[in-house]
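Residue-level listing of the chains:
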Amino acid sequence: MASGSSLLAQDHFLCSVCLDVFTDPVSIPCGHNFCKSCITQYWDSNEQCRCPVCNKLYTNRPEVSVNPFICEMTAQYRESIRVKASSCPDQQCAKPGDVPCDVCTGTKTKALKSCLVCLASYCETHLEPHQKVTSLKRHQLIDPVENLEDRICKKHDKPLVLFCKTEQVCVCQFCTESDHKLHPVVPLKEEYEGKSQLGKKDAEVQQMIHQRQLKIQEINQSVEISKDGADREIAHSVQVFTALMSSIERGQAELIDMIQEKQKTTEKQAEGFIEELEEEIRELNKRSTELEQLSHTKDHLHLLQSFSSLNTPPHTKDWTEVSVHQPSYVGTVRRAVEQLQETVSKEMEKLCQAELKRVQQYEVDVTLDPDTAHPYLILSDDGKQVYNGDIKKNLPDNPERFSCHLMVLGKQNFSSGRFYFEVIVEEKTKWTSGVARESVNRKEETYLDPEDGFWTIWLRNGNEYRALDSTEVLLSLRQKLQKVGVFVDYQEGLVSFYDVDAGDHIYSFTGCTFTERLYPYFGTSLNDGGKNSVPLIISPVNRV
């Protein structure tokens, strides 16, 4: 015989208020059944007591009575659901990361769908009412998700089923009648389909991840290269300073030995004098004793015979002009320091030459930009030479062109990294070279100093070299400059100048803050009646 639960439709066991299987079912006078808590809360929230099903009005709140038959049938129905769920091989226990069924008691099974109306998730068994009961079929089911309350409008307590294109937010149906009344809205599905190129987006995200992973590798490689460079620099600096300290210690030891040797010579000389003097003192003491004895004799013959020999003084040295020679140390320390200075200078020369070779590795191919050249300047066809033609050319006064100073910039510009170039200045009596920032004033007279965007050195009067820092610095050079090397480290804020032929460092601007592109800069100055007519020449680097 079939059980009672199989003879009745499933909707007979559903409360019409909560739309779920009865819990503590009770009957009201009109004969309809509800969960005890559901009907109680329903009447508490309304001013009048009506039946939620037939809408019958009760003047006074009626008493509810337990329906034993419905209780028994509901219990059997629940048991049948449990048995079916436990015997169904397709039912899976919810695992971490799965959405559990909200109806299952005890061991939770994996939810198959979530209902946006009931705000609950259901396994396959507990989902059956939504598939068979007419009123439940209208509910909106979605793939199981957690936090269903986030899918409900906080203002209207309705499902978020629309998308506002104006404010780019999800809204419910009632929002379109209030805050979003004049905004264009579309169903979520339509907006989703318009933005459903997730594969493409994911590919873009994966590409971004890959790029950043490559950047991490690049940064790590840079750190390793930097560490290797730092280790080499430390080892080299230790070697250099160890050699210098050894030279200082050796020079100091030699100086001390020389002074001590002089002192020993003086002491030896003094000891010789003292020995002679003590010997003479012994002889004189002996003569004094003999004279004392003779003075007491009564033997006239003996006195007269001895007197002639004792009357003659013993042979002694004239010590009047004799003195111990005091060694002179005038200039001794100075000469030792000069020798040390010479050693340090030779080491400095080696270091400067090594430094020059290192910066020459950053050589860039610089050509002159005719659009920046002052109208008096003549540029060679290859863009490597410039001189003052003393005749103003009819050129367009474009914003890039210098109008006051006899200047020209290189075409190349730099906003990061390091770069180096060389300029032949041989036979010129006046010139300026270095780098300039992009925004320098090109139409009016300006100072060629860092504050106005220039980092340069110049020659004036044939032999007067100056670095045009915030305060001009007179440069002392070993020889007349023939070729100038210019090195820039953008990130370090460094601009350095070198005498290429001598391998000497001339001057460095340090602690600079660069925020714009930098350009190689060249100034020819006036011709001085032909004395300064030779060109400035951008020279390729000759690495020896």
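Refer to the structure printed above.
Source: prediction; values computed, not measured. (Residues numbered from 1 in each chain as written. Predicted model: local features only at pLDDT ≥ 70, side-chain atom pairs only at ≥ 80, totals over all residues. Heavy atoms only, no water.)

(A) Summary view of a negative patch on the surface. The grouping of Glu267, Glu271, Glu275 and Glu278 at the surface amounts to a negative patch. For Glu278, the location among the structural elements is in helix α7 (residues 198-295). Owing to a relative accessible area of 41%, Glu278 belongs among the partly exposed residues under this scheme. (Patch = residues over 30% accessible without salt bridge, like charges linked within 9 Å, V, L, I, M, F, W, Y side chains within 5 Å. Areas by Shrake-Rupley, 256 points an atom, 1.4 Å probe, with all protein chains shown as cover. Salt bridge = Lys/Arg side-chain N within 4 Å of Asp/Glu carboxyl O. Lys, Arg positive; Asp, Glu negative; His and termini not counted. Charge placed at Lys NZ, Arg CZ, Asp CG, Glu CD. Helix = DSSP H or I, 4+ residues; strand = E, 2+ residues; numbered from the N terminus. Buried < 20%, exposed > 50% of the residue type's maximum accessible area, 1.4 Å probe, protein only.)

(B) Representation of the pairing of strand β18 (residues 464-467) within the structure. Burial along β18 is one-sided: the face carrying Tyr465 and Ala467 is buried and the face carrying Glu464 and Arg466 is not. The loop that links strand β17 (residues 454-460) with its antiparallel partner β18 comprises 3 residues; one of these, Asn461, has a positive phi angle of about 60 degrees. Remark: 5 residues form the turn of the hairpin made by β18 and strand β19 (residues 473-474), two consecutive strands paired antiparallel. (Pairing = 2+ DSSP bridges.)

(C) Representation of the state of the cysteines. What the rule picks out here adds up to 0 disulfides. Left without a disulfide partner, Cys49 is nearest to the cysteine sulfur of Cys51, which lies 11 Å away. Its relative accessible area of 12% is what places Cys49 among the buried residues. (Disulfide = S-S within 2.5 Å.)

(D) Region of the structure containing the sheet that holds strand β13 (residues 385-388). The sheet built from 7 strands is open, its strands ordered β12-β13-β24-β15-β20-β21-β22 with antiparallel pairing. For this open sheet the edge positions go to β12 (377-379) and β22 (504-509), each flanked by a neighbour on one side alone. Each adjacent strand pair in this sheet contributes to an overall mean axis angle of 20 degrees, direction not counted. (Axes fitted to C-alpha atoms, helices over the stretch in contact; angles between N-to-C directions.)

Honestly, that's just the spatial picture; any functional story needs more than this.
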